[in-house]
Amino acid sequence: MKKVVMIAGAGDAVGLRLVKDFLKKDYAVIAGLLTGQEGVSLPEGVLSVTLDPLSHQSAKDAAAAVAEKYPGIDMIVVNYDNCPVRENWTILDEPDFEAMKLAYEYNCLGPLRAIDAFRPLLDKGEGKRICCVTSADSSNNAARDIANYPSHVSKAPLNMAINQLFNGMRPDGYTFRMYCKDVSAGPAKAGEYAAEYFTRNRSNEPESYKHSDENRLVLRDWMNIEIPW
Amino acid sequence: MKNVVITGADRNIGLELVRQFLQRGWKVFAGRYLMDLPLLEELQREYPDTLTLVPLDVSKDEAVRAAAEAVGKEADHVDMLIHNAAGFGGQSGDGEIDFTTFAAPYNINALGAMRMVHYFLPLMQTGMKRLCFVSSEAGVVSVAHRTEISSYCMSKTALNMALRLMFNQLQPLGYTFRLYHPGWVRSAKIEHSTDAVPTFKDADGNLIGKFWPWETAAAAVPQFIEDREWEDRLVLIDNEGAAWPF
């Protein structure tokens, strides 16, 4: 029986790349599309559902639709990013606080809404893996920037929330992946290595045996380099 | 006489910071949010010449802009800004998560700090140029230990990130930063003049927290006032002098 992956935010370039890469790995793929992305062309056999990152109810409705076909899912991947273009204003300019509120709702609370809604299906699956596509913008320790506030300030709190989820759910057998996409590589290549990272077993690898990645939460980029929180 | 603007000054840590800066002879502009609470007015009777109360809701752009204008009419510059105001929201673990409660702490704690800096910076071109923020270990991702998703913790992580970006730009321009973790503080849940004498105990009569507000304020004030030889680093320091990671 195939493993099942739910990809929330499957309609952009990174999401479509994930869909194709998971199909190559012989997963059954569910594509979560945003409202307005219903016309996106998906490979044959992919179940699509619509969900809005800003609505908890829409995530629950999507989960209910998935439950009609699959009794459980093995993995959820959340790929939400409403900051594809760099915002160059600084604190000395005119901050766009409305954009910052929207970015938080979308990039931070959006993934949490999706994960919460699909938790019952994850509980019934065997894989029990939660994955997020984020970016190095989220790292408090690595922030050298003076601008791009909506991206930085919305993604950092997701790191906190996923750490707290990890603390609560790892004892129940869940494993987690936080993946920093290569925003400089362009949309087509930004998610190139994500599926590989999400599906790999990190519990006993030569480079991580001292600090198994499965028993601590790490943020890694497309080159597998660990990014500090 | 040096002056300071303090947000969230109505009670607890904020009120104690106001009191201790007044005791040290500073001119204090106290940001007032709970207009029905008389504690600041009682303090003003003691310090009529050096305490000014300023209506201030840090969650709203226009309110912060108006507060900066009001302070600018009384002072030609501001030496120190202290963003102490904090909002709380929901968390997981209490049944179904209500994400609608997650917006307020982000807006108050993180965006509120940005609004304060943005609108008050024109008044801080001269003087001490010191920007102080009450954050928390609760926002430190690398030592996150809680098992529930907490909107408060998330908002403090967002605050720490916003401060990083501001620090990267403003420190080379001569501004100095203080990022303070007050410890586990006993806080009185008092909001109205009709409330009973503030109690620091919960409904079961338990004393929640480790430090009194005046204790953590007493630890904060020297950190905020004194210069450091290492102003080119942004460090979160707690009420006992220990540095925290991010």
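Presented here is a report on the structure given in the accompanying data block. Note that the coordinates shown come from a computational prediction; the quantities given were computed from them, not determined experimentally.

Next up on the list: the sheet that holds strand β7 (residues 219-221) of chain A. Think of a sheet as strands paired side by side through backbone hydrogen bonds, with each pair either parallel or antiparallel. All names here are of chain A. Read from one edge of the open sheet, eight strands run β3-β2-β1-β4-β5-β6-β7-β8, paired in mixed fashion. Both outer strands of the open sheet, β3 (47-50) and β8 (226-227), are each paired with one neighbouring strand and no more. In this structure, β7 lies alongside β8, joined through two bridges in antiparallel fashion. Note on β8: the bridge partner recorded for Arg-220 is Glu-226. The sheet strands contacting helix α2 (residues 56-67) are β1 (4-8), β2 (28-33) and β3, and the helix crosses β3 at an angle near 155°. In the packing of helix α3 (residues 97-124) onto the sheet, the strands contacted are β1, β4 (75-78) and β5 (129-134), and the crossing angle to β4 comes to about 170°.

Think of interface size as the accessible area that goes away when the parts come together; that is how it is often given. Contacts between chain A and chain B engage 44 residues on the former and 42 residues on the latter. Taken over both partners, the interface formed by chain A and chain B buries close to 3,700 Å², and the fraction arising from carbon and sulfur atoms is 67%. Seen at the junction of chain A and chain B, the total is one salt bridge. Counting across the chain A and chain B interface gives 15 residue pairs in polar contact (both at pLDDT 80 or more). Mapped onto the side of chain A that touches chain B, the elements with two or more residues apiece are α2, α3 and α4 (149-169) of chain A. For the side of chain A that touches chain B, a count of residues per class yields 21 nonpolar, 13 polar and ten charged.

This brings us to the sheet that holds strand β6 (residues 176-181) of chain B. All names here are of chain B. Reading across from one edge, β3-β2-β1-β4-β5-β6-β7-β8 is the order of the eight strands in this open sheet, with mixed pairing throughout. The sheet is open, and its two edges are formed by β3 (51-55) and β8 (243-244), each paired on a single side. Relative to strand β4 (residues 80-83), strand β1 (residues 3-6) is paired through three bridges, and the arrangement is parallel. Within β4, the position partnered with Ile-6 by the bridge is Ile-82.

Rules and cut-offs
- Residues numbered from 1 in each chain as written.
- Chains lettered and ligands numbered in written order.
- Predicted model: local features only at pLDDT ≥ 70, side-chain atom pairs only at ≥ 80, totals over all residues.
- Heavy atoms only, no water.
- Pairing = 2+ DSSP bridges.
- Helix = DSSP H or I, 4+ residues; strand = E, 2+ residues; numbered from the N terminus.
- Contact = heavy atoms within 4.5 Å.
- Axes fitted to C-alpha atoms, helices over the stretch in contact; angles between N-to-C directions.
- Buried area = accessible area lost by both parts, 1.4 Å probe.
- Salt bridge = Lys/Arg side-chain N within 4 Å of Asp/Glu carboxyl O.
- Polar contact = N/O pair within 3.5 Å; in protein donor to acceptor, adjacent residues only side chain to side chain.
- Nonpolar A, V, L, I, M, F, W, Y, C, P; charged D, E, K, R; others polar.

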